[in-house]
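Understanding the architecture of this molecule
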Amino acid sequence: MPAQPRTDGALCAAFLTGDKDAFGELVRRHQEQVFRLVRRYASTPDEARELTQRAFVQAFEAARRTMPRLVASPGDVPFRAWLLRIAVNLGKNQVRDEGRWKRAPLGAVDERSSPTPSAHEQLERAQAEALTRRAVSALPRRQREVFTLRIDGGLPFAEIASTLGISEGNAKSHFHYAVKRLRDEVSALARDPGGTP
Amino acid sequence: MKTCEEYELALLGGQRTADVNDHLAGCPACQAFERDLGLVVARSSLPAPTDAERAALEGLVESTWSEWQRSARPRRSWVGYAAAAGSGALLATAGFWTTRPVREVVVERVVERPVVVASAAGAENEPNLTADEVFFEVMWPDLPEGETP
């Protein structure tokens, strides 16, 4: 019978007591999910990688600081929930710090596009993406977290709820408001693409 | 009877039950919401990661490990400075204590009190917190201005 894979909390506890392999296992286990969450906010693959790396380092740092103070056993650290929350908010900070999305990053258009669309189609798609990114980053914090975890992370509402520590109904409600707000924001941005969000 | 908002919430979860379909057939507002939902999700969804993006993840374990080690250095030196400052303060206190004028104390009576055993967690004088309380108290990454978790 194959051995049960170790939980995130157990791996985290093992890493913080000196097991470097546990560090690697945790990063490999979650790197794609984190990358999917931050790539919306990054203009190049390297930038997305950098954000992914920072999310891991901050999550490990959070675990290092807090593990000794937990009521439950150290193995119960909700590492994945923290990691995903950190990733979503690092992405938002990236937009704030660099003041981007006035215009679509053309370098990224070339790298992301499939070989078939015309240059005009690529530009239109990139502009639509940029408008939506601006609108998503302008959402209230909780709506943005729920929306990003749902659309980019592909998480079901139940998992979003446990990640954010809210009820499933609350997660749906935030998504509901986010959709309505985005519909209005994207329409307004499309009319005034140079305006500030 | 359900409200339109309840039907909209059902649509968010992808629940197209007979009940939802019946309501949608006669409700232009919910039909508009379903169209908007499809539009917003379609415009928000990013294309699948390209090969270049997938390649960016190669070697992430090693580079993250290096970053963790690098970030640990200032942490260690900070701990070192704190330890040195603490030791200095202890020495100064000890020096003052040994040279202070001592007042003579006369013991008139002795009161016995029950022994109190400190718990392991209380030894650090810090309250026990749940995982989320700890997280939000001490570790929220670069919180944007004007927002509180």
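The following refers to the structure shown.

Reading the values: the criteria
- Residues numbered from 1 in each chain as written.
- Chains lettered and ligands numbered in written order.
- Predicted model: local features only at pLDDT ≥ 70, side-chain atom pairs only at ≥ 80, totals over all residues.
- Heavy atoms only, no water.
- Helix = DSSP H or I, 4+ residues; strand = E, 2+ residues; numbered from the N terminus.
- Expected span 1.5 Å × (residues − 1).
- Buried < 20%, exposed > 50% of the residue type's maximum accessible area, 1.4 Å probe, protein only.
- Arc of directions from axis to C-beta.
- Contact = heavy atoms within 4.5 Å.
- Disulfide = S-S within 2.5 Å.
- Core = buried A, V, L, I, M, F, W, Y, C linked by side-chain atoms within 4.5 Å.
- Domains from an automatic or database assignment.

Describing helix α3 (residues 28–44) of chain B
All names here are of chain B. Its 17 residues place the ends of α3 24 Å apart at the C-alpha level, agreeing with the 24 Å of an ideal helix rising 1.5 Å per residue. Those residues of α3 that sit buried are Cys 30, Phe 33, Asp 36, Leu 37, Val 40 and Ser 44. Seen end-on, α3 carries its buried residues on one side only, within an arc spanning 115°. Opposite the buried face of α3, by more than 90 degrees, sit the exposed residues Pro 28, Arg 35, Leu 39 and Ala 42.

Here we look at the environment of Arg 142 of chain A
Assignment of secondary structure puts Arg 142 of chain A in helix α7 (residues 141–151). Residues in contact with Arg 142 of chain A, not counting those within four places in the same chain, are Leu 164, Ile 166 and His 174 of chain A.

Section: the state of the cysteines
All names here are of chain B. Going through the model one piece at a time under the given rule, you end up with zero disulfides over all chains. There is no disulfide at Cys 30, and the cysteine sulfur nearest it, in Cys 27, is 3.6 Å away. Accessibility expressed as a relative area gives 0% for Cys 30, which makes it buried.

Digging into helix α3 (residues 45–66) of chain A
The end-to-end C-alpha distance of α3 of chain A, which contains 22 residues, comes to 32 Å, matching closely the 32 Å that a straight helix rising 1.5 Å per residue would cover. The buried fraction of α3 of chain A is high, at 17 of 22 residues.

Brief notes about the nonpolar core
Residues and elements named next belong to chain A. By size, the foremost hydrophobic cluster in this structure holds 69 residues, and its most contacted members are Phe 56, Phe 60, Phe 79, Phe 147, Leu 149, Ile 160 and Phe 175. Per-element tally for this core: the top contributor is α3, with nine residues. When residues of this core are sorted by domain, at least three fall in each of domain 1 (1–100) and domain 2 (107–197). Setting aside residues up to four positions removed in sequence, Phe 79 forms contacts with Asp 8, Cys 12, Leu 26, His 30, Phe 56, Ala 59 and Phe 60.

In short, shape yes, function no, at least from these values alone.
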